[in-house]
Amino acid sequence: MQSLITVILPVFLLIGAGWTATRYGLTSAAAAEALTKFAQSVAFPCLLFRAVVQLDIAQEFSAPLLLSYYAAATACFFVGLFAARVVFRRDWEDCVVVGFCCLFSNTLMLAIPITERAYGHEALASNFAIVAIHAPFCYTLGIVAMEIVRAGPGRLNPLRLGAQISRQVATNPLVIALMLGFIVNLSGLVTPAPLYAALNMLANAAVPVGLFAVGGVLTQYRLEGDGRLIAMICGVTLLLHPSLMWLFGRAVDLPTSAFRSAVITAAVAPGVNTYVFANIYGRAKRVAASSVLITTVGCILSVWFWLSVLP
């Protein structure tokens with residue numbers, strides 16, 4: 001109960017504040033979208049740049065951590081994809097969007113603040129290692145799968161596929177910030193003090209602004225679509241993903257700090273990027289939006305459970 005009150009509740013109170021302010025007109029839906037864009041395109045990139053510059057890359061970017069996390073995430077992608085096809089009889093393009101919903105965790109706006117409140121700022125190194133390849137990995141997997149089912153057997157256009165992946169990844173501010181952080185870290189360059197101070201101020205705004213914005217954006221989502229399919233996505237994202245991460249992390253004997261970060265990251269809701277992906281292809285948008293809404297609330301219990309059993 002203590003972890004619910006001291007760790008999880010403050011995070012969701014900020015989300016609730018954003019929802020309440022937008023729902024009752026204290027701020028507008030357009031303002032919530034602007035705050036989301038600011039958080040995703042400016043504040044969080046500054047946070048990631050700062051984190052990567054300070055990372056001990058050789059120590060934190062461990063193969064066991066990344067392999068165990070992304071093996072669990074990939075398994076959930078295919079569970080969601082084939083369950084949507086076999087059980088719910090959706091067409092293949094919808095199935096890829098469902099799989100993407102089961103793959104893409106909200107690593108930034110939920111996993112980072114919850115991990116930091118639970119285990120301290122020093123515990124975030126493994127979170128940042130996961131985040132560093134999260135968008136490139138997930139978008140690559142999702143886009144490849146979508147292009148395959150759209151093209152049909154034997155008719156995939158590699159040039160089109162490469163261009164689509166490159167466009168989505170190379171224009172992502174988070175990826176750009178991470179690459180710049182790696183360049184500074186590995187080259188030994190020193191960021192000028194005034195610039196670093198400005199980056200720090202923006203980075204410190206990332207979490208509170210991002211959480212408030214998430215609440216505001218959630219007011220625009222409605223519970224629509226196939227309820228059973230949405231329930232399946234909730235089960236995969238909030239139950240199966242962290243369970244697989246637990247098993248894989250134990251199998252490779254992850255250090256306690258990395259193990260905690262990876263399990264908590266796996267236990268949070270899908271990010272709004274799942275709706276962005278659905279919107280890009282115009283498929284299963286209502287299912288993606290409803291899944292984000294329900295799992296964001298449901299992960300209160302999911303995270304609470306995993307916090308109570310983690311070492």
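Residues numbered from 1 in each chain as written. Predicted model: local features only at pLDDT ≥ 70, side-chain atom pairs only at ≥ 80, totals over all residues. Heavy atoms only, no water.

Caption draft 1: Just the overall build of the chain, in detail. Along its length, the chain carries 14 helices and 0 strands. Ordered by position from the N terminus, the helices and strands of the chain form the series α-α-α-α-α-α-α-α-α-α-α-α-α-α. Relative to a compact globule of 311 residues, whose C-alpha radius of gyration would be 19 Å, the chain shows 19 Å and is just as compact. Projected onto its principal axes, the C-alpha positions of the chain cover 55 × 45 × 40 Å. Going through the 311 residues of the chain one by one, you find that 53% of them count as buried. (Helix = DSSP H or I, 4+ residues; strand = E, 2+ residues; numbered from the N terminus. Rg over C-alpha atoms; globule rule 2.2 N^0.38 Å. Buried < 20%, exposed > 50% of the residue type's maximum accessible area, 1.4 Å probe, protein only.)

Caption draft 2: Looking closely at the nonpolar core. Core analysis: the largest hydrophobic core is formed by 112 residues, its most contacted members being Phe 44, Leu 110, Phe 277 and Val 303. When residues in this core are grouped by element, the largest group, 13 residues, is from helix α7 (residues 125-151). In this view, Phe 44 contacts Ala 39, Leu 108, Met 109, Leu 174, Ala 206, Val 207 and Gly 210; residues no more than four positions away in its chain are not counted. (Core = buried A, V, L, I, M, F, W, Y, C linked by side-chain atoms within 4.5 Å. Contact = heavy atoms within 4.5 Å.)

Caption draft 3: Inspection of the pattern of salt bridges at higher detail. Within this structure, the stated rule accounts for 5 salt bridges. Across the salt bridge formed by Arg 150 and Glu 93, the nearest N and O atoms sit 3.4 Å from each other. Of this pair, Arg 150 sits in helix α7 while Glu 93 sits in helix α5 (residues 92-103); the two residues are 57 residues apart in sequence, bridging distant segments of the chain. For Arg 150, a relative accessible area of 36% puts it in the partly exposed group. With a relative accessible area of 18%, Glu 93 lands in the buried category. Notably, a salt bridge pairs Asp 94 with Arg 283, separated by 3.1 Å at the nearest N-O pair. Here Arg 283 lies in the loop between α13 (273-281) and α14 (285-309) and Asp 94 lies in helix α5, a separation of 189 residues in the sequence. (Salt bridge = Lys/Arg side-chain N within 4 Å of Asp/Glu carboxyl O.)

Caption draft 4: Region of interest: the side chain of Ser 302. Relative to the helices and strands, Ser 302 is located in helix α14. A polar contact of 3.1 Å, which involves the side chain of Ser 302, links it to the backbone oxygen of Ala 267. Look past the residues within four positions of Ser 302 in its chain and what remains in contact with it is Leu 238 and Ala 267. (Polar contact = N/O pair within 3.5 Å; in protein donor to acceptor, adjacent residues only side chain to side chain.)

Caption draft 5: Region of interest: the packing of aromatic side chains. Here the structure, examined in full by the defined rule, presents 15 aromatic pairs. Pairing Phe 100 with Phe 277 gives two aromatic rings, centres 4.1 Å apart and planes at 10°, and the pair type is stacked. Remark: Phe 277 occurs in helix α13 and Phe 100 occurs in helix α5; sequence separation between them is 177 residues. Look at Phe 104 and Tyr 139: their rings are 6.0 Å apart centre to centre, the planes differ by 70°, and that puts the pair in the edge-to-face class. (Phe/Tyr/Trp six-rings, centres within 6.5 Å; stacked < 30°, edge-to-face > 60°.)

Caption draft 6: Here's a closer look at the environment of Ala 288. If you trace the backbone, Ala 288 turns up in helix α14. For Ala 288, a relative accessible area of 1% puts it in the buried group. Distance from Ala 288 to Asn 273, taken between C-alpha atoms, is 9.5 Å for residues 15 residues apart in sequence. Not counting chain neighbours up to four residues away, the residues in contact with Ala 288 comprise Val 97, Cys 101, Thr 274, Tyr 275 and Ala 278.

Caption draft 7: Highlighting a nonpolar patch on the surface. Nonpolar side chains collect at one region of the surface, where Phe 78, Phe 82, Val 86, Val 87 and Trp 92 lie side by side and expose about 470 Å² of accessible area between them. At 3 residues, the largest contribution of residues to the nonpolar patch is made by helix α4 (residues 63-86). Here Phe 82 is to be found in helix α4. (Patch = residues over 30% accessible without salt bridge, like charges linked within 9 Å, V, L, I, M, F, W, Y side chains within 5 Å. Areas by Shrake-Rupley, 256 points an atom, 1.4 Å probe, with all protein chains shown as cover.)

Caption draft 8: Main features of the confidence of the model for the chain. With 95% of its residues at a pLDDT of at least 70, the chain reaches an overall mean of 88. The secondary structure element of the chain with the lowest average pLDDT is helix α3 (residues 57-60), at 70, and the one with the highest is α4, at 97. (pLDDT = per-residue confidence, 0-100.)

Caption draft 9: Highlighting the environment of Leu 13. Tracing the chain through its elements places Leu 13 in helix α1 (residues 2-23). Between the C-alpha atoms of Leu 13 and Asn 172, which are 159 residues apart in sequence, the distance is 29 Å.

Caption draft 10: Spotlight on unusual backbone geometry. Positioned with a positive phi, Arg 89 is a non-glycine residue whose angle comes to about 60°. Tracing the backbone through its elements, the reader meets Arg 89 in the loop between α4 and α5. For Arg 89, a relative accessible area of 69% gives the class exposed. Unusually for a residue other than glycine, Ala 284 sits at a positive phi of about 50°. The residue Ala 284 is located in the loop between α13 and α14 in this model. Look at Ala 284 and you get buried, because its relative accessible area is 12%.

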